[in-house]
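# Structural features, examined
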Amino acid sequence: MILPVLRKSILLLQLLVFFFKAGAADYIPPARLEGFAYKTHSLHLDTILIEAFYDPVCPDSRDSWPPLKKALHHYGSRVSAVVHLLPLPYHDNAFVASRALHIVNGLNSSATFPLLEWFFKNQEKFYNAPTRNLSRASIVEEIVRSATEVVGSSHFSSIKNGFNDTKTDLLTRISFKYAASRGVYGTPFFYVNGFLLPSTGDSVDYNTWRKVIDPLVGAKKGVKNEETLHYFL
């Protein structure tokens, strides 16, 4: 038990040091809200907002996405979601995979989540040991080829060139720094309406999401009914 806690503490310290050391000199707020809004849900103040911090090559992130996705479809427009990326340093290709997601999101935002799900499905191709003897260039080439299959062949050159664009590197660094600024030290982490979900770090199942969200949806209905009553009075 001590070792996992110690490792988390060390990682959090590394994240904070990186954020303040590397971010203090060049800190500029991004031009848009950090993260990827889930494709079928709009963001506005009247919805319940779930923020998920994921690493595309993290098995726990992979396992937590299907129940969250099921919950999002169950609640429809009452709940919105934003996915933030935290490429963990002990997942060898997390930064490259996260950068690919930023590249694709800039080309076709509707393909962002299909690509994220592709990474979840094919993690064994990029998770540490299988790529130990591969060069970074060959890994990038494989990711470009695979991302092209998801997005469409017409985007091959754009995806490939995206890895030479410093803007996509910066966007991925911003994701890392943003996660650090929120105190996130592992994946998955979940925030609901800005508050950390207590079971963060585990694969939260569908029933747990229902237990978390149902009371919040009920509270919103109560507020609306009260507002309607005041209107008629």
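Residues numbered from 1 in each chain as written. Predicted model: local features only at pLDDT ≥ 70, side-chain atom pairs only at ≥ 80, totals over all residues. Heavy atoms only, no water.

Per an unreviewed UniProt entry, the protein carries the name Thioredoxin-like fold domain-containing protein and comes from Crotalaria pallida.

## Re the pattern of salt bridges
In the structure shown here, the tally under the stated rule is nine salt bridges. Through salt bridges that share partners, K125, E142, R145 and E149 make up one connected network. (Salt bridge = Lys/Arg side-chain N within 4 Å of Asp/Glu carboxyl O.)

## Comments concerning helix α5 (residues 136-151)
The terminal C-alpha atoms of α5, which comprises 16 residues, lie 22 Å apart, in line with the 22 Å expected from a rise of 1.5 Å per residue. The complete set of buried residues in α5 reads I139, V140, I143, V144, S146, A147, T148 and V151. As for α5, its buried residues are in contact with α3 (94-107), α4 (112-121) and α6 (156-162). One or two positions beyond α5, positive phi appears at G152, with a value near 130°. (Helix = DSSP H or I, 4+ residues; strand = E, 2+ residues; numbered from the N terminus. Expected span 1.5 Å × (residues − 1). Buried < 20%, exposed > 50% of the residue type's maximum accessible area, 1.4 Å probe, protein only. Contact = heavy atoms within 4.5 Å.)

## Details of the nonpolar core
One finds Y54, L68, F119 and W209 to be the most contacted residues of the largest nonpolar core, which totals 47 residues. Going through the elements one at a time, β2 (48-54), α2 (59-75), β3 (79-85), α3, α4, α5, β4 (189-192) and α8 (206-232) are the ones with two or more residues in this core. If you tally residues by element for this core, the top one is α3, at seven residues. With near-sequence residues (within four places) excluded, L68 lies in contact with I50, A52, Y54, F190 and W209. With eight residues, the next largest nonpolar core counts L86, F176, V184 and F189 among its residues. (Core = buried A, V, L, I, M, F, W, Y, C linked by side-chain atoms within 4.5 Å.)

## Regarding the pairing of β4
Burial of the side chains of β4 extends over both faces: F189 and Y191 are buried on one face and F190 and V192 on the other. Relative to β4, β2 runs antiparallel, the two being bridged by four bridges. Paired with F53 across the bridge in β4 is F189. Of the strand pairs in this sheet, β4 and strand β5 (residues 195-196) are connected by two bridges, and their pairing is antiparallel. Paired with Y191 across the strands is L196, a residue of β5. Connecting the antiparallel pair β4 and β5 is a turn made up of two residues, with N193 showing a positive phi of about 50°. (Pairing = 2+ DSSP bridges.)

## Quick word on the packing of α3 against helix α7 (residues 166-181)
Running from N to C, α3 and α7 point in directions that differ by 115°, and their axes come no closer than 9 Å. Between α3 and α7, the interaxial angle falls into the category roughly perpendicular. Judged by the twist between their axes, the crossing of α3 over α7 is right-handed. Contact residues: F95, S98, R99, H102 and I103 in α3; T168, D169, L171, T172, R173 and S175 in α7. Considering only residue class, the contact of α3 with α7 consists of three nonpolar, five polar and three charged. (Axes fitted to C-alpha atoms, helices over the stretch in contact; angles between N-to-C directions. Parallel < 35°, antiparallel > 145°, perpendicular 65-115°, else oblique. Left-handed = near helix turned anticlockwise from the far one by under 90°. Nonpolar A, V, L, I, M, F, W, Y, C, P; charged D, E, K, R; others polar.)

## Some thoughts on the sheet that holds β4
Taken in spatial order, the five strands line up as β1-β3-β2-β4-β5 in an open sheet, and their pairing is mixed. Both edges of this open sheet fall to β1 (36-37) and β5, since each of them pairs with a single strand only. Relative to β3, β1 runs antiparallel, the two sharing two bridges. Residue pairing for β3: F36 is matched across the bridge by V83. Contacts between α2 and the sheet are confined to β2, β3 and β4, with β2 contributing the most and set at about 165° to the helix.

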